[in-house]
Amino acid sequence: MKNSTIVYCLLLCFFLSACSDLKEDTSQVKTFDEHFQTDEEVRNFILPVYTTLSADYYFQEMAMMDGVISDEIVRPAQGYIYSDGYWLNLQRHQLNPLVYEQQNFNTWSYWYYAIEQINRLLQTLQASSFPSVVEPYVAELKVFRAFFYLQLIDKYGNVPIMEEGDLLNQTCTSPRPEVFAFIEKSLLENMHLLSKNKGGDYLGRMNFFVAQAMLAKLYLNAEVYRGAPAWNEAIAACDAIIGSGKFSLSGNYFDNFKIDSKSSHENILVASCFYSHCNWFPPYVFSLHGSHLGDLVGGDAGYWGNTLVVQPDFYGRYDSQDARIQCFFVGQQFDEAGNPILDSQADSTDPDGLAINYTPEINLDFPLRQAGIRFAKFEIDTTCINSVFDCAA
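Residues numbered from 1 in each chain as written. Predicted model: local features only at pLDDT ≥ 70, side-chain atom pairs only at ≥ 80, totals over all residues. Heavy atoms only, no water.

**Considerations on the overall build of the chain**
Counting its regular elements, the chain contains 13 helices and eight strands. Counting all 393 residues of the chain, 42% fall into the buried class. Sequence separation of at least 24 residues holds for 64% of the intrachain contacts in the chain that already meet a minimum separation of 6. Total accessible area on the chain stands at roughly 21,000 Å², and carbon and sulfur atoms take up 53% of it. (Helix = DSSP H or I, 4+ residues; strand = E, 2+ residues; numbered from the N terminus. Buried < 20%, exposed > 50% of the residue type's maximum accessible area, 1.4 Å probe, protein only. Contact = heavy atoms within 4.5 Å. Areas by Shrake-Rupley, 256 points an atom, 1.4 Å probe, with all protein chains shown as cover.)

Next up, the structure:
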């Protein structure tokens, strides 16, 4: 008992002495008014919002939608991403606007999620005590917001315009011409504040030339978006990019689609991302047959693979001498040793049997597992050993 009392007293003395000085050292703590004094501070504050270009929805809900609507890509009734016929109805331009579509809702929600994140950053920066420091970054964010509205006006037409402090469920829908004017104003008023550097710190970010490219697309579609053409304006935006001397056609078309494409002189805006650091799969994962992909990277795409094929008419438009014809996997596929790559689960009705043979013809409603030409434009990352999921961790 005596020993226990001594220990208790020692512990009590320790805690009493340790807690006697409760004054917090705030010498290294900044108040809000002291934030955003340097470019580095502001840059680090806004850069995380660019993950919206690297997320899985960017490819699945934006690029893939563009390809299906424009009759380049087909998603037949097979694989995990059949989505109750949504992609077939989209490809056939038979969506019913009165029927709820989860995929369509995902696209809408994702783009407005990105806009909401940008608006929050804008609210914070515009309250800064250092307006001259934050000004170019505010401009960058407004152009980035316009980027998402350019997708919305193209896919949906009349949409709600959300600015700083607005809530989507409290914002009325604006007519398409008003959305056009909002995008145009956002670009014209802010582009002169953007950097004219490309690559380096501006890889995958909004800059002057990205804004001009967005203007060009906006004006090219002006007759549809607002009811009046803007051909001269579109030409002027393109001339601003071409005349800069910073962009040119690559000698090798496929250099633009390498795993490391930073040296490309064609790319104006890229989703700056390594597959191993982003939550999405490279496009070929969705396209190649699992056995074929497994032979190339040592793994299988599971239920994600074998879902994207090329529209036959689109492939048929390529001349046999066109170098871009190499963008596709066509015909029977072989491994490096020259052995046929086989599909152990081939359809019994497949005339090619077990051998994987990508044929142009495809029955969209009842496709064979090997039917349809596949994509080969993007360089395949063969470092994803054992499982393609290594590329999407």
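That shown, we press on.
**Focus: the pattern of salt bridges**
Counted by the stated rule, this structure contains nine salt bridges. Across the salt bridge formed by Lys155 and Asp66, the nearest N and O atoms sit 2.8 Å from each other. Remark: Asp66 occurs in helix 3 (residues 56-69) and Lys155 occurs in helix 6 (residues 131-155); sequence separation between them is 89 residues. On the basis of relative accessibility, which here comes to 17%, the residue Lys155 falls in the buried class. Between Glu140 and Arg205 there is a salt bridge, and its shortest N-O distance comes to 2.8 Å. Placement of the pair is Glu140 in helix 6 and Arg205 in the loop between helix 7 (176-190) and helix 8 (208-220), with a sequence separation of 65 residues. By relative accessible area, which is 3% here, Glu140 ends up buried. Each of the salt bridges in this network shares a partner with another, and the network as a whole consists of Asp66, Asp154 and Lys155. (Salt bridge = Lys/Arg side-chain N within 4 Å of Asp/Glu carboxyl O.)

**Thoughts on the side chain of Ser250**
Relative to the assigned elements, Ser250 resides in the loop between helix 10 (231-242) and helix 11 (283-287). Among the polar contacts made by the side chain of Ser250, one reaches the side chain of Asn256 at a distance of 3.1 Å. Those residues within four positions of Ser250 in sequence are excluded, and the remaining contacts are Asn256, Ser264, His265 and Glu266. (Polar contact = N/O pair within 3.5 Å; in protein donor to acceptor, adjacent residues only side chain to side chain.)

**Brief notes about the confidence of the model for the chain**
Summing up the model confidence of the chain, the mean pLDDT is 81 and the portion of residues at 70 or higher is 78%. Counted against residues more than four places away or in other chains, residues 4-8, with its pLDDT under 50, gives zero contacts. A low-confidence stretch, residues 385-393 (pLDDT under 50), is modelled with 35 contacts involving residues beyond four sequence positions or located in other chains. (pLDDT = per-residue confidence, 0-100.)

**Details of the environment of Leu125**
Tracing the backbone shows Leu125 in helix 5 (residues 102-126). A residue is classified by how much of its surface remains accessible, and Leu125, at 1% relative accessible area, is buried. Along the chain, Leu125 and Val138 lie 13 residues apart, while their C-alpha atoms are 6.9 Å from each other.

**Regarding the nonpolar core**
Formed by 58 residues in total, the largest nonpolar core has its most connected members in Leu125, Phe144, Tyr149 and Met214. Of all the elements in the fold, those that place two or more residues in this core are helix 2 (39-46), helix 5, helix 6, helix 7, helix 8, helix 9 (222-225) and helix 10. Counting residues per element, this core draws most heavily on helix 6, at 15 residues. Those residues in contact with Leu125, other than ones at most four positions away along the chain, are Phe36, Val42, Phe45, Ile46, Val134, Tyr137, Val138 and Leu141. Residues Val285, Val297, Ile356 and Tyr358 belong to the second largest nonpolar core, which totals 10 residues. (Core = buried A, V, L, I, M, F, W, Y, C linked by side-chain atoms within 4.5 Å.)

**So, the packing of aromatic side chains**
Overall, the coordinates contain 20 aromatic pairs when judged by the stated rule. Measuring from centroid to centroid gives 6.2 Å for Phe144 and Phe147, while their planes differ by 35°, and the two rings are tilted. Note that Phe144 and Phe147 are positioned in helix 6 at a spacing of three residues, about one turn of the helix. When sorted by exposure, Phe144 lands in the same class as Phe147, which is buried. For the ring pair Phe209 and Phe247, a centre distance of 5.3 Å and an interplane angle of 70° mean the geometry is edge-to-face. (Phe/Tyr/Trp six-rings, centres within 6.5 Å; stacked < 30°, edge-to-face > 60°.)

**What about the packing of helix 2 against helix 6?**
Two elements in contact, helix 2 and helix 6, have axes whose closest approach is 9 Å; the angle formed by their N-to-C orientations is 25°. By the criterion of interaxial angle, the relationship of helix 2 to helix 6 is roughly parallel. Between helix 2 and helix 6 lies a crossing whose hand is right-handed. Taken together, the residues of helix 6 that come into contact with helix 2 (itself represented by Asp39, Val42, Arg43 and Ile46) are Val133, Val134, Tyr137, Glu140 and Leu141. (Axes fitted to C-alpha atoms, helices over the stretch in contact; angles between N-to-C directions. Parallel < 35°, antiparallel > 145°, perpendicular 65-115°, else oblique. Left-handed = near helix turned anticlockwise from the far one by under 90°.)

**Re unusual backbone geometry**
The backbone phi angle of Asp71 is positive, close to 65°, even though this residue is not glycine. Position of Asp71 among the secondary structure elements: in the loop between helix 3 and strand 1 (73-74). Accessibility expressed as a relative area gives 33% for Asp71, which makes it partly exposed. Positive phi is not limited to glycine here, since His93 has a value of about 55°.

**A word on helix 12 (residues 290-297)**
An α-helical turn contains 3.6 residues, so any two residues separated by three or four positions project in the same direction. Within helix 12, the full set of buried residues consists of Gly290, His292, Leu293 and Val297. Axial view of helix 12: buried residues confined to an arc of 160°, hence all on one face. Elements in contact with the buried residues of helix 12: helix 11, strand 5 (328-329) and strand 7 (357-358). (Arc of directions from axis to C-beta.)

**Quick word on the side chain of Asn207**
Counting through the fold element by element, Asn207 comes out in the loop between helix 7 and helix 8. Since its relative accessible area comes to 3%, Asn207 is described here as buried. Among the polar contacts made by the side chain of Asn207, one reaches the main-chain amide nitrogen of Phe209 at a distance of 3.0 Å. A distance of 2.9 Å separates a polar side-chain atom of Asn207 from the backbone nitrogen of Val210. Residue contacts for Asn207: discarding those within four places in its chain leaves Leu194, Ser195, Asn197, Lys198 and Tyr202.

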